[in-house]
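Architecture and fold: a report
Spelled out, the chains give:
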Amino acid sequence: MSETADWRVLCRLEDIPDGEARGFPAPPGGFTGVFAIRRGQRVLVYVNSCPHIGLPLEPVPDRFLDRKKEMIVCAAHGARFRIEDGECVSGPCMGDVLETVEVRIVEGEVRVPPDAGI
């Protein structure tokens with residue numbers, strides 16, 4: 001049995017357009033949820049919670065990135081986070097980081113641990 005067999009499937013890789021982000025609800029019993037950003041064959045996943053006040057980042061579903069798709073932006077107060085490591089580079093939580101979620105691509109499926117985003 002694979003070590004990722006019990007991991008939660010978020011979607012298929014092709015369900016996230018390259019260069020875009022997509023949000024996913026928390027697992028049953030959870031509250032926060034996660035979001036994934038695709039960069040080619042690589043996917044980065046973060047917990048959908050701003051480190052400043054704990055609100056979800058997006059103003060409308062799946063809108064996590066700025067217009068140029070270069071930074072993650074918190075809609076509540078405009079904090080900007082680097083995509084590659086989730087570090088806040090401007091705004092009230094400067095220097096804080098988004099909570100990273102381990103992610104694996106298995107047979108084209110984007111998978112995260114079962115408790116991601118609780």
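Residues numbered from 1 in each chain as written. Predicted model: local features only at pLDDT ≥ 70, side-chain atom pairs only at ≥ 80, totals over all residues. Heavy atoms only, no water.

1. So, the sheet that holds strand S6 (residues 80-82)
Paired through their backbone hydrogen bonds, the strands of a sheet run either parallel or antiparallel. Read across the open sheet, the 3 strands follow the order S5-S6-S7; overall the sheet is antiparallel. For this open sheet the edge positions go to strand S5 (71-73) and strand S7 (88-90), each flanked by a neighbour on one side alone. Shown here is a sheet whose adjacent strand axes are inclined to one another by a mean of 40 degrees, direction ignored. Note: S5 against S6, 3 bridges, orientation antiparallel. When the sheet's bridge partners are listed, Val 73 is paired in S6 with Arg 80. (Pairing = 2+ DSSP bridges. Helix = DSSP H or I, 4+ residues; strand = E, 2+ residues; numbered from the N terminus. Axes fitted to C-alpha atoms, helices over the stretch in contact; angles between N-to-C directions.)

2. Comments concerning the pattern of salt bridges
Enumeration over the complete set of coordinates arrives at 8 salt bridges. Put simply, Arg 80 and Asp 66 hold a salt bridge, and the shortest N to O gap is 3.0 Å. Of the two residues, Arg 80 sits in strand S6 while Asp 66 sits in the loop between strand S4 (42-47) and S5, which places them 14 residues apart along the sequence. The class of Arg 80 is partly exposed, set by a relative accessible area of 29%. Asp 85 is paired through a salt bridge with Arg 82; the nearest N and O atoms lie 2.6 Å apart. By relative accessible area, which is 31% here, Asp 85 ends up partly exposed. For Arg 82, a relative accessible area of 26% gives the class partly exposed. Each of Arg 82, Glu 84, Asp 85 and Glu 87 takes part in a single network of salt bridges with overlapping partners. (Salt bridge = Lys/Arg side-chain N within 4 Å of Asp/Glu carboxyl O. Buried < 20%, exposed > 50% of the residue type's maximum accessible area, 1.4 Å probe, protein only.)

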